[in-house]
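Architecture at a glance
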Amino acid sequence: MNGSDGDVVAAPSPLDWKFSQVFGERTAGEEVQEVDIISAIEFDKSGDHLATGDRGGRVVLFERTDTKEHGGSRRDLERMDYLVSRHPEFRYKTEFQSHEPEFDYLKSLEIEEKINKIRWCQTANGALFLLSTNDKTIKFWKVQEKKVKKISEMNTDLGKSNGNGSIASSSVSTSPSSYRANGGCSDASLSFSSNELSFPPGGISSLRLPVVTSNETSLMARCRRVYAHAHDYHINSISNNSDGETFVSADDLRINLWNLEISNQSFNIVDVKPANMEDLTEVITAAEFHPTHCNTLAYSSSKGSIRLIDLRQSALCDTHSKLFEEQEAPGSRSFFTEIIASISDIKFGKDGRYLLSRDYMTLKLWDINMDSGPVSTFQVHEYLRPKLCDLYENDSIFDKFECCLSGDGQRVATGSYSNLFRVFGSTAGSTEATTLEASKNPMRRQVQTPSRPTRSLSSSLTRVVRRGAESPGIDANGNSFDFTTKLLHLAWHPSENSIACAAANSLYMYYA
């Protein structure tokens, strides 16, 4: 990512992002239903499938179409070089109801159906497998194409038979009790003598045996396993292991290790719950397996630290092998320091060398071989710092933004308010910092000069802060920002420069 052994790697030029597709676009003035708001996005490892989950407990799958339109061998495709000239295009594949609202009668707790996380598992025999979770229950789904079997031709055309004088329609009994198990028949009406029934020399041309055909296919989603009753607190993350057999689920105080094949048993590998809950100072916010080392797991906390643990050390990993945290500058502590330091999401790079974390104000890139501090820190929306008091009052300061890395590790991305998301260059010397809007014109926020004179800009900012209202303010470029529209969820295609992001109930896709 930064070059090794002193090699100087030139920073790539900033990408030119273009709009690709939108699913579920709202018309002007259309009200968004709460259940339709997207709450999770995930590409599979190949990048050919995309899954989204929403607050209504549904999982919607999309499949890539631009690679299927071109037949032929891989060599032919490489010769055509069509992958360079075409951008990823997806189409709706299927959807299914993953979770339903429940009620815990013991705790008098309502469990909402909202999908918190989706993770793809390894494919097998042409079937897709994925994990989805709400606050309490994880489910393992299999999505497969099933051939629809239909009987295309029924038995005999009785009308033609009567025309030949061969079989009288009244002599055929349809009663199920007429037939014996061995194929015999007990009904007297079918006991013909040789002089009553005559077969033509060529046989009966209209006799048809039932033929089963399966020309059509339909997608079937089936819940293979349910992993329940293992978490006392809300599940905030799930992560697949590279061994293809296990996964972890994390809530505020515990991380459990599961085997995909066993749904009634899990192992508690991290437990930060103190003996006295009054001594609780931090909670777990996210957990992620290393992409290639099946024994390495990272989890983040509300105090802004990331712990790396080795599952080989002990059954209960109460001690970490590495701790990543940034020391705060002396004299900089305030009431909001610990709140904005809380990490909302962590992601490993493809090779597992780097780890990306998102707190409220920044993105941080960590080298897992260097625990003294982050390699890079990216300011996401520094212009909001004067408004932390307002953000605290309307609870926006507790919003959990996700982050993602490009497949080549050269860029990172995360969301912000006003349906904006930011893309940063993460290589050494890169100054790339692009602001995009989740709309059909993603680059329209790129104006670097304020739309009004500086004097009126500063006075309007002062007025908004003094009022303490939730009305939109002004960002660094002079554009208004709105706390009610936030881009929390986004995902980067594993091998191409393509981003999928969620703005309320709409799924926007961009390419560069």
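A short tour of the structure in this document, coming up. (Residues numbered from 1 in each chain as written. Predicted model: local features only at pLDDT ≥ 70, side-chain atom pairs only at ≥ 80, totals over all residues. Heavy atoms only, no water.)

**Here's the deal with the overall build of the chain**
Under the convention used in this document: Secondary structure counts use DSSP, requiring at least four H or I residues in a row for a helix and at least two E residues in a row for a strand, with both numbered from the N terminus. Any residue under 20% of the maximum accessible area for its type is buried, any over 50% is exposed, and the rest in between are partly exposed; the area is computed with a 1.4 Å probe on protein chains only. Whether two residues are in contact is decided by their heavy atoms, any of which lying within 4.5 Å being enough. With residues, only the protein chains shown are counted as cover, and all accessible areas are computed by Shrake-Rupley using a 1.4 Å probe.
Summing up its helical and strand segments, the chain has 6 helices and 32 strands in all. Buried residues in the chain amount to 45% of all 512 residues. Partitioning the intrachain contacts of the chain with sequence separation of at least 6 by distance along the chain shows that 58% fall at a separation of at least 24. When the accessible surface of the chain is split by element, carbon and sulfur atoms take 49% of a total near 26700 Å².

**What about the pairing of strand β20 (residues 345-348)?**
Using the following cut-off: A pair of strands is treated as paired once DSSP finds two or more bridges between them.
Along β20, one buried face is formed by Asp345 and Lys347 and the opposite face, lined by Ile346 and Phe348, is buried too. Where β20 lies against strand β21 (residues 354-358), 4 bridges are found, and the strand directions are antiparallel. Within β21, the residue paired with aspartate 345 across the bridge is arginine 358. Hairpin connection from β20 to β21: 5 residues lie between these consecutive antiparallel strands, with glycine 352 at a positive phi of about 80 degrees.

**Observations regarding the sheet that holds strand β32 (residues 506-511)**
Which entries qualify depends on this criterion: With axes taken as lines fitted to C-alpha atoms, and helix axes fitted only over the stretch in contact, angles between N-to-C directions fall between 0 and 180 degrees.
As summarised here, the arrangement of the 4 strands in space is β1-β32-β31-β30, forming an open sheet in which the pairing is antiparallel. If you trace the sheet from one side to the other, it starts and ends with β1 (18-23) and β30 (490-492), each paired once. The mean angle between the axes of side-by-side strands here comes to 20 degrees, regardless of whether they run parallel or antiparallel. Examined bridge by bridge, β1 and β32 share 5 bridges and lie antiparallel to one another.

**Remarks on a nonpolar patch on the surface**
We count it as follows: Each patch groups residues whose relative accessible area exceeds 30% and which form no salt bridge, using 9 Å between like charges and 5 Å between nonpolar side chains of Val, Leu, Ile, Met, Phe, Trp and Tyr. Salt bridges are defined by distance alone: a side-chain nitrogen of Lys or Arg within 4 Å of a carboxyl oxygen of Asp or Glu.
A cluster of nonpolar side chains, namely Phe335, Tyr392 and Phe398, defines an oily patch on the protein surface of about 320 Å² accessible area. Of note, tyrosine 392 is situated in helix α5 (residues 388-393). Take tyrosine 392: its relative accessible area is 33%, and that puts it in the partly exposed class.

**Notes on the sheet that holds strand β13 (residues 246-250)**
As summarised here, the arrangement of the 4 strands in space is β12-β13-β14-β15, forming an open sheet in which the pairing is antiparallel. Edge positions in the open sheet fall to β12 (237-240) and β15 (262-271), since each of these has one partner strand only. With direction set aside, neighbouring strand axes in the sheet form an average angle of 25 degrees. Across 4 bridges, β12 lies against β13 in antiparallel orientation. Looking at the pairing, asparagine 240 lines up with phenylalanine 247 of β13.

**Digging into the pairing of strand β27 (residues 433-437)**
Among the 5 residues that make up β27, 4 are buried, leaving the element largely enclosed by the rest of the structure. Pairing between strand β26 (residues 420-425) and β27: 5 bridges, direction antiparallel. Across the sheet, phenylalanine 421 pairs through a bridge with leucine 436, a residue of β27.

**Re unusual backbone geometry**
In this structure, histidine 229 takes a positive phi of about 60 degrees despite not being glycine. Topologically, histidine 229 is positioned in the loop between β11 (211-227) and β12. Of note, asparagine 419 is a non-glycine position whose phi angle comes to about 60 degrees, a positive value. Relative to the elements of secondary structure, asparagine 419 occurs in the loop between β25 (411-415) and β26. Relative accessible area serves as the criterion here: at 13%, asparagine 419 is assigned to the buried category.

**Remarks on the packing of aromatic side chains**
Remark: the centre distance and the inter-plane angle together describe each pair of aromatic rings, the angle taken between the planes. What counts, and what does not: Pairing of aromatic rings covers Phe, Tyr and the six-membered ring of Trp, with a centre-to-centre limit of 6.5 Å; geometry is then stacked below 30 degrees between planes, edge-to-face above 60, and tilted otherwise.
On inspection of all chains with the given rule, the structure shows 23 aromatic pairs. Measuring from centroid to centroid gives 5.0 Å for phenylalanine 103 and tyrosine 105, while their planes differ by 65 degrees, and the two rings are edge-to-face. For tyrosine 105, a relative accessible area of 71% gives the class exposed. Seen in terms of ring centroids, tyrosine 227 and phenylalanine 247 are 5.1 Å apart; in terms of plane orientation they differ by 75 degrees. Their pairing is edge-to-face. On the criterion of sequence distance, the pair formed by tyrosine 227 in strand β11 and phenylalanine 247 in strand β13 is long-range, its members being 20 residues apart. What makes tyrosine 227 buried here is its relative accessible area of 1%. For phenylalanine 247, a relative accessible area of 0% gives the class buried. Site record: aromatic cluster; members linked through ring pairs are Phe19, Phe421, Tyr508 and Tyr510.

**Here's the deal with the environment of serine 98**
Considering the arrangement of structural elements, one finds serine 98 in the loop between β5 (90-97) and β6 (102-104). Among the residues examined, serine 98 registers a relative accessible area of 2% and is labelled buried. For the pair serine 98 and valine 60, spaced 38 residues apart in sequence, the C-alpha separation works out to 9.7 Å. Excluding residues within four positions of it along the chain, serine 98 makes contact with Gly57, Arg58, Val59, Ile115, Ser132, Lys139 and Trp141.

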